Amino acid sequence: MSSCKSRMGQTELRNLLLSPINDRRELEKRLSFIKFVQQPVNLDFIASIHDNIKQFQNVVHMIYHTIFINDISKGYRGKSELLAELDQAVTNNLLGLEESISNALDFNAGNKKGRPVIKFGLDENLDAKLLHQQDVSKHVTAAARFAANDLPDFIDECKVVYLPEMGHLMVIKRWEPDCDPEQLESLGYQFMFALGGVLHYKNPLCVELDKRLGDINAEIIDHENRILRRLSAFTLKYNKDIRQALKAVAIIDCLIAMAKVSQQNNYVKPELNDLRIQEIEECRHPLMEQILNSFEANDFKSGGLHSHMKIITGANGSGKSIFLKQILLAVYLAHVGCYIPAKKANIGLVDSMHCLIQTKESAVVRLSSFMMDTSQVIHCASPSSLIIMDEFGRGTLEDDGLILLVSFLNHFLSKGELCPHILVSTHFQRISTMLPESQYLEYLKMNHTVENGTFCFLHKMAAGVSDSYAFDIASAILSPDRIGRAKQYFQWIQRNERGELPEETLKIQNQYVFDNLNVELISEDSNDNN
């Protein structure tokens, strides 16, 4: 969003990100404009658009610069559909409004005074007051010269100023740091106030100027405000024309921002299809690759000749969740109309994306976390949906979670060719023995290697079901003896056997039981004595 040059561009970018669409024509239009922006031959033109968008400070500037952007886009409308739409959005009503505003307001004078100023010649009564104001300034200058002759010699200069509501005042700099402002009272100077090192007085000359000239400045400002109110009411009549043109510029602003980010991070333009086929080569996570020195990209293929359901197994920290999220983000960005972080991509338009990663439970909703996860997906998912599930069923007993996951996947697997795109990560390796074999089902795992006795994740996807690496990972912090005993216990549990513990282990367990029993007996004796 920081790449957008206007506040409305940031707002429009936020709206685009919050509202992904599957309108292929609209998405192609956005992607084509991003490609247009990235072409070197158009860099000067895009820079000129950005320079004008930076000037969007108020409605008047927005209207003027929007029309200017449309004028300089004349030679590029055939290359970009968005620029042609901008030309259609700039209506004759908007052009007439801009001309009326330009004829009414003096922008140069307004920038100096910090407020809107009406041009001379627009209103006869206002022009008469402005001419009278010029005469006032001449009288004020002459009055200041006349008053300076009557001042004491220790005062070098003075001037007459006009303040609304207070009229004309004589301004004199302090002649001494601790001077008495009332010292000039004998000359007819009534002290009014001090501001910084300047003293303000009201004398007979200022009173005479107030009577003759009146509050001309206030009258001019009131008159200009009346004209501005009429001009505002006139502008509001064309509210629809203004909004239509500004929305077109806002979309251009946010798409230029997308184009710059895509170019900086080596994103590619995705090809879009309506065949429910997802093919992404060397997909990357847009955030993780920014904070890691090296990021391992992975491919993803679903639909068509490829399986629809992928079940990913692997140890904690192997990269399962990151893979799920990067695929989801890639498909999501394509449905926003943005380039995606990959080497090549063919994205099938989806109806919905369901992400079951973290469930927020509530006592108000009388449903279990698993029911909340599955109910919406089962009822709303279509064959063109994308479903992401990260370790579903981990919040309950292993057998219960496994049965819930198998039942959920069987529901979609039974649909055959109409099965949605489903990506599941899990630690339940046994799931491969509980699901039926199908051409729409594929098992993947995260690869690893062992270097110098150290277990290392490669974060690279491969076919198959992962084994348990608990002992390999634990070997980094536990002694070989303990690892060996743990493996022995694990085998007994798997075989449902009762093994014989080593004598040393029995001594430790017996001592532990004795210590805890002794503590319990002492506690009971203390309670009896009390």
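Residues numbered from 1 in each chain as written. Predicted model: local features only at pLDDT ≥ 70, side-chain atom pairs only at ≥ 80, totals over all residues. Heavy atoms only, no water.

**Some thoughts on the state of the cysteines**
Applying the stated criterion across every chain, the model contains zero disulfides. A disulfide-free cysteine, C158 has its sulfur positioned 9.2 Å from the sulfur of C206, the nearest such atom. Judged by relative accessible area, which is 16%, C158 ranks as buried. No disulfide involves C254; its sulfur sits 5.9 Å from the nearest other cysteine sulfur, which is in C4. (Disulfide = S-S within 2.5 Å. Buried < 20%, exposed > 50% of the residue type's maximum accessible area, 1.4 Å probe, protein only.)

**Quick notes on empty space enclosed by the protein**
All told, the structure shown has one cavity of 30 Å³ or more when counted by the stated rule. Its volume calculated, the largest cavity comes out at about 40 Å³. In terms of lining, the largest cavity is formed by V60, Y64, E98, I101, S102 and F107. Per-element accounting of the lining of the largest cavity gives the leading share, three residues, to helix 6 (residues 92–104). Per-class residue counts for the lining of the largest cavity are four nonpolar, one polar and one charged. (1 Å grid on protein atoms, 1.4 Å probe; cavity = no way out; pocket = protein on both sides within 12 Å on 5 of 7 lines; lining within 4 Å. Points joined across faces, edges and corners; volume = space filled by probe spheres on them. Helix = DSSP H or I, 4+ residues; strand = E, 2+ residues; numbered from the N terminus. Nonpolar A, V, L, I, M, F, W, Y, C, P; charged D, E, K, R; others polar.)

**A short note on the packing of helix 2 (residues 24–38) against helix 5 (residues 81–89)**
Where helix 2 meets helix 5, the closest approach of the two axes is 8 Å, and the angle between their N-to-C directions is 105 degrees. Classified by the angle their axes make, helix 2 and helix 5 are roughly perpendicular. Each of R25, K29, F33 and F36 in helix 2 lies in contact with helix 5, whose residues at this interface are E81, L82, L83 and E85. For the contact of helix 2 with helix 5, the class distribution of residues is four nonpolar, no polar and four charged. (Axes fitted to C-alpha atoms, helices over the stretch in contact; angles between N-to-C directions. Parallel < 35°, antiparallel > 145°, perpendicular 65-115°, else oblique. Contact = heavy atoms within 4.5 Å.)

**A word on the layout of surface pockets**
There is about 730 Å³ of room inside the largest pocket. N58, V59, V60, H61 and M62 are, among the 30 residues lining the largest pocket, the residues nearest its centre. Of all the elements in the fold, those that place two or more residues in the lining of the largest pocket are helix 1 (7–18), helix 4 (59–72), helix 7 (107–113), helix 10 (216–236) and helix 11 (239–264). With six residues, the top contributor of residues to the lining of the largest pocket is helix 11. The residue inventory of the lining of the largest pocket, partitioned by class, reads 15 nonpolar, 10 polar and five charged.

**Describing the sheet that holds strand 4 (residues 198–202)**
With antiparallel pairing, four strands are arranged side by side in an open sheet as 1-2-4-3. Here the strands that pair on one side only, and so sit at the sheet edges, are strand 1 (159–163) and strand 3 (190–195). Between one strand and the next, the sheet's axes are offset by a mean angle of 35 degrees, whatever the strand orientation. When strand 1 meets strand 2 (residues 167–173), the two strands line up antiparallel, connected through five bridges. Within strand 2, the position partnered with V160 by the bridge is M170. (Pairing = 2+ DSSP bridges.)

**Points about the nonpolar core**
Within the largest apolar cluster, 82 residues are counted, with the highest numbers of intra-cluster contacts made by F33 and I340. Counting residues per element, this core draws most heavily on helix 11, which supplies 14 residues. In terms of domain composition, this core takes at least three residues from each of domain 1 (7–120 + 226–265) and domain 3 (272–491). Residue contacts for F33: discarding those within four places in its chain leaves S80, L82, L83, I252, L255 and I256. Of all hydrophobic cores here, the second largest spans 25 residues; its members include A381, V406, F408 and C419. (Core = buried A, V, L, I, M, F, W, Y, C linked by side-chain atoms within 4.5 Å. Domains from an automatic or database assignment.)

**What to know about helix 10**
Taking 1.5 Å of rise per residue, the 21 residues of helix 10 would be expected to cover 30 Å, and the 30 Å separating its terminal C-alpha atoms lies within 8% of that figure. Listed as buried for helix 10 are I216, N217, I220, H223, E224, I227, L228, L231 and T235. When helix 10 is viewed along its axis, its buried side chains cluster within an angular range of 140 degrees and face the same direction. Turned more than 90 degrees away from the buried face of helix 10, the exposed residues are R229, R230 and L236. (Expected span 1.5 Å × (residues − 1). Arc of directions from axis to C-beta.)

**Focus on the side chain of D127**
Its place among the elements puts D127 in helix 8 (residues 124–149). Of the side chains with opposite charge, K129 lies nearest to the buried D127, which makes no salt bridge, at 11 Å. Not counting residues up to four positions away in its chain, the partners in contact with D127 are K119, F120, G121 and L122. (Lys, Arg positive; Asp, Glu negative; His and termini not counted. Salt bridge = Lys/Arg side-chain N within 4 Å of Asp/Glu carboxyl O.)

**Side note on the sheet that holds strand 5 (residues 271–273)**
In spatial order, the strands read 5-9-6-7; together these four strands make up an open sheet with mixed pairing. The sheet terminates laterally at strand 5 and strand 7 (298–302), the two strands that pair on one side only. Going from strand to strand, the sheet's axes swing by 20 degrees on average, the running direction of each strand aside. The pairing of strand 6 (residues 278–283) with strand 9 (residues 344–348) spans three bridges and is antiparallel. Within the sheet, the bridge partner assigned to E281 lies in strand 9 and is K344.

**Observations concerning the packing of helix 1 against helix 11**
Closest axis-to-axis distance for the helix 1/helix 11 pair is 8 Å, and the angle between their directions is 75 degrees. When the axes of helix 1 and helix 11 are compared, the pair comes out roughly perpendicular. Contact residues: helix 1 offers M8, G9, E12, L13 and L16, while helix 11 offers L246, K247, V249, A250, I251, D253, C254 and M258. Counted by class, the contact of helix 1 with helix 11 contains nine nonpolar, one polar and three charged residues.

**Brief notes about the packing of aromatic side chains**
According to the stated counting rule, one finds 10 aromatic pairs in the structure shown. Measuring from ring centre to ring centre gives 6.2 Å for F36 and F45, while their planes differ by 75 degrees; the resulting arrangement is edge-to-face. Each member of the pair, F36 as well as F45, is classed as buried. We classify F36 as buried; its relative accessible area is 3%. Pairwise contacts between aromatic rings join F33, F36, F45 and Y76 into one cluster. (Phe/Tyr/Trp six-rings, centres within 6.5 Å; stacked < 30°, edge-to-face > 60°.)

**A word on the pairing of strand 4**
In terms of burial, strand 4 is largely enclosed, as four of its five residues are buried. Two strands pair when backbone bridges link them, and strand 2 and strand 4 are joined in this way by four bridges, in the antiparallel orientation. Bridge pairing links M170 to Y201 in strand 4. Linkage of strand 3 to strand 4, two consecutive antiparallel strands, is achieved through a turn of two residues, within which G196 is found at a positive phi near 65 degrees.

**Thoughts on the domain arrangement of the protein chain**
You can read the domains of the protein chain as domain 1 (7–120 + 226–265), domain 2 (137–220) and domain 3 (272–491). Of note, the centres of domain 1 and domain 2, computed from C-alpha atoms alone, are 50 Å apart.

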